[in-house]
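Residues per chain, in single letters:
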Amino acid sequence: MAQVYDVIVLGVGGMGSATCHHLARRGAKVLGLEQFALNHDRGSSHGESRMIRQAYFEHPDYVPLLLRAYELWSELEQTLGQTLFYRTGVMISGGPNGEAFAGAKLAASLHHLPLEELTAESAAARWPSFRFPSDHSVAFEPAAGLLLVEKCVQSHIELARRFGAEVRANENVCGWSSNGQTVAVKTQSGEFQARSLVVTAGAWASRCISDLGVPLSVLRKVVAWFPIRTGEYRIEQKIPAYFFDLPHGRFYGFPSLDGKTIKIAEHSGGQPIDDPTVVDRSLLPVELQRLQATLADHMPGIDPSPERHSTCLYTMSPDSHFIVDLHPQWKNVAIACGFSGHGFKFVPVIGEVLADLALNGRTEHSTQFLGLSRFQ
Ligand SMILES: Cc1cc2nc3c(=O)[nH]c(=O)nc-3n(C[C@H](O)[C@H](O)[C@H](O)COP(=O)(O)OP(=O)(O)OC[C@H]3O[C@@H](n4cnc5c(N)ncnc54)[C@H](O)[C@@H]3O)c2cc1C
């Protein structure tokens, strides 16, 4: 007779790996199914680094989730005895009334978070290798920083397995059904049964929850690493992660981790794609030019010829806020998708929320603002 699991997790990337961990450590019998190799580079959770901050300009309602995420990242680091989170601080440079600077200030004041305010001049004196537009204000959040994205996914999978989760690579889920009590999940190699299902399918989510008609769109994004010519851009030199909110776009990046190259990417824009499995992996001339122009204006010590690049996918919800909820028809199916290019920092707390939803049908975390009902 086929094995019956407590929970099947469909998609073991960022969110799925944390969900497997949180379920397994509560003693649930878990099966994680991943269509590609584990920790692959075809979805949204790869490319060395992810920014993490709490003074959340996207919406202050995220802050309580971030406070819990910080606790869980620390716990994970302690359990493994490894560094996943470099507390470099993050600086946000933008117009004083722009969404990024003003939003960060608002979230910090509502939630009493430490956030320093600098003028363009004082920021340039503090980080002389960066250039700030003279009409910008700069917010510096000292408790923010960067996460080592692949190591985070790997750690969650490793701990999930330590607690007994079964995590299978190269298992493409081609369909699922629920009768409210159990779910049946079909892959190319067979059928699995469980009491509950968690769908964490990233850019492929709309195929897995097509019955809900949530209009998710997928954007192709490129990040690139450029050599350091002169100046201070290295993590050992206490350089923070950076975010420039400019009239023509939003650009961000991280201090150099390898001592030789610095990573930069554009958060705005992106090329819509129909099929997340078929993605152009090249760095297009227009993308390169926009990154080079930002480097020339704001980081003049960087060489404009990139050493390498990587493509990645944003899965956008209609309002750029996450979707984390139970399926409206099947209460034994939980869904987390539409992370809209800012979800990674939340990975462990989303894992905790999804474990709550899958095992108890409810969570104590404040996730109502991320519910599906807002699209009705
Ligand atoms: C370039 C870039 C930069 C970013 N920067 C930041 C940042 O600085 N800070 C931040 O917080 N966030 C950032 N994000 C966003 C963040 O990385 C994502 O929100 C997060 O990684 C999404 O995780 P996920 O689990 O939804 O998707 P994924 O990690 O892609 O996982 C989904 C998984 O489901 C699998 N899957 C899908 N369909 C099936 C199927 N049918 N069968 C089996 N498996 C399936 C996929 O193969 C994949 O492994 C960035 C994203 C990108 C692309």
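Small disclaimer: the values here were computed from a predicted structure and weren't measured. Per-chain numbering applies: the sequence of each chain, read as written, is numbered from 1 onward. Local features in a predicted model are, by the rule used here, given only for residues with pLDDT of at least 70; side-chain atom pairs are given and counted only at 80 or more, and totals for whole chains, interfaces and linings are based on all residues. Remark: hydrogens and water are excluded; side-chain values derive from all non-hydrogen atoms of the structure.

Engineer: Explanation requested: the overall build of the protein in the structure shown.
Structural biologist: For the purposes of this entry, the term helix denotes a DSSP run of H or I that reaches at least four residues, the term strand denotes a run of E that reaches at least two, and both are numbered from the N terminus. Counting its regular elements, the protein contains 8 helices and 20 strands. Here the radius of gyration uses the C-alpha set of atoms, whereas the globule reference equals 2.2 Å times the residue count to the power 0.38. For the protein, whose C-alpha radius of gyration is 21 Å, the value lies close to the compact-globule estimate of 21 Å for 376 residues. Along the first, second and third principal axes, the C-alpha atoms of the protein reach 70 × 45 × 45 Å. Accessibility here uses a 1.4 Å probe with only protein chains present; expressed as a share of the type maximum, an area under 20% marks a residue as buried, one over 50% as exposed, and anything in between as partly exposed. Counting all 376 residues of the protein, 57% fall into the buried class. Within the protein, counting contacts between residues at least 6 apart in sequence, those at least 24 apart form 74% of the total. When the accessible surface of the protein is summed, it comes to about 15,100 Å², and 50% of that surface belongs to carbon and sulfur atoms. Across the protein, the mean location of the 33 positive side-chain charges is 3 Å away from that of the 38 negative side-chain charges. By definition, residues are in contact when any of their heavy atoms lie within 4.5 Å. Surface exposure here means Shrake-Rupley accessible area, sampled with a 1.4 Å probe, where a residue is shielded only by the protein chains that are shown. Charge assignment in this entry is limited to Lys and Arg as positive and Asp and Glu as negative, and neither His nor the chain termini are counted. To locate a charge, take atom NZ for lysine, CZ for arginine, CG for aspartate or CD for glutamate.

Engineer: Which parts of the structure should I look at to understand the packing of helix α1 (residues 14–25) against helix α5 (residues 149–162)?
Structural biologist: If you want to describe how two helices pack, look at the angle between their axes and the distance between the axes. Close contact between α1 and α5 brings their axes to 8 Å; oriented N to C, the two are set at 30 degrees. With respect to each other, α1 and α5 are oriented roughly parallel. The handedness of the crossing between α1 and α5 is left-handed. Contacts from G14, S17, A18, C20, H21 and A24 of α1 reach α5 at V153, H156, I157, L159 and A160. Charged means Asp, Glu, Lys or Arg here, nonpolar means Ala, Val, Leu, Ile, Met, Phe, Trp, Tyr, Cys or Pro, and polar covers whatever is left, Gly included. Among the residues making up the contact of α1 with α5, the classes are represented as 7 nonpolar, 4 polar and no charged. Here an axis means a line fitted to C-alpha atoms, over the contact stretch when the element is a helix, while the angle between two N-to-C directions is reported on a 0 to 180 degree scale. Any angle that is under 35 degrees is reported as roughly parallel, and any over 145 degrees as roughly antiparallel; angles of 65 to 115 degrees are reported as roughly perpendicular and all others as oblique. The hand of a helix crossing depends on one turn: near helix anticlockwise from the far one by less than a right angle means left-handed, and clockwise means right-handed.

Engineer: Explain the domain arrangement of the protein here, please?
Structural biologist: Reports of interface size often rely on the accessible area that becomes lost once the parts have come together. For the protein, the domain assignment lists domain 1 (4–45 + 150–213 + 319–375) and domain 2 (90–142 + 217–314). Boundaries of every domain are those given by an automatic assignment or by a domain database. In this structure, domain 1 and domain 2 have C-alpha centres spaced 30 Å apart. Residue-level contacts link 10 residues of domain 1 with 11 residues of domain 2. With both sides pooled, the region where domain 1 packs onto domain 2 buries about 830 Å², and carbon together with sulfur makes up 49% of that total. Salt bridge, as applied in this entry: a Lys or Arg side-chain nitrogen positioned within 4 Å of an Asp or Glu carboxyl oxygen. Across the domain 1-domain 2 interface, the total number found is 1 salt bridge. Residue D275 pairs with R207 through a salt bridge whose shortest N-O separation is 3.0 Å. Accessible-area loss on putting two parts together, using a 1.4 Å probe and summing over both, is the definition of buried area adopted here.

Engineer: Whenever I open this one, the sheet that holds strand β4 (residues 85–86) confuses me. Can you help?
Structural biologist: Across a sheet, paired strands are connected by hydrogen bonds in the backbone, their directions being either parallel or antiparallel. Pairing between two strands requires that DSSP report at least two bridges joining them. Spatially, the 3 strands line up as an open sheet ordered β3-β8-β4, and their pairing is antiparallel. With one partner strand each, in any of the chains shown, β3 (49–52) and β4 form the two edges of the open sheet. Note that β3 and strand β8 (residues 145–148) share 4 bridges and pair antiparallel. Following the sheet pairing, M51 is matched in β8 by L146. Strand contacts of α5: β3 and β8, with the helix running at about 55 degrees to β8, the strand carrying the most contacts.

Engineer: What exactly am I supposed to notice about the pattern of salt bridges here?
Structural biologist: Side chains that carry opposite charge are capable of pairing whenever their charged atoms lie near each other. With the rule as written, the count across this model stands at 20 salt bridges. The residue R250 makes a salt bridge to E99 at a minimum N-O spacing of 2.7 Å. Of this pair, R250 sits in strand β15 (residues 249–254) while E99 sits in helix α3 (residues 99–111); the two residues are 151 residues apart in sequence, bridging distant segments of the chain. Among the charged side chains, a salt-bridge network with shared partners connects R68, E71 and E352.

Engineer: Sorry, what's going on with helix α8 (residues 347–360) here?
Structural biologist: Look at α8: 20 Å from first C-alpha to last across 14 residues, which is about the 20 Å you get at 1.5 Å a residue. Summarising burial for α8: 12 of the 14 residues are buried, a large majority. Along α8, the positions that sit buried rather than exposed are V347, P348, V349, I350, G351, E352, V353, L354, A355, D356, L357 and A358. In the segment just after α8, G361 is the residue with positive phi, at about 75 degrees. Expected helix span is computed as 1.5 Å times (number of residues minus one).

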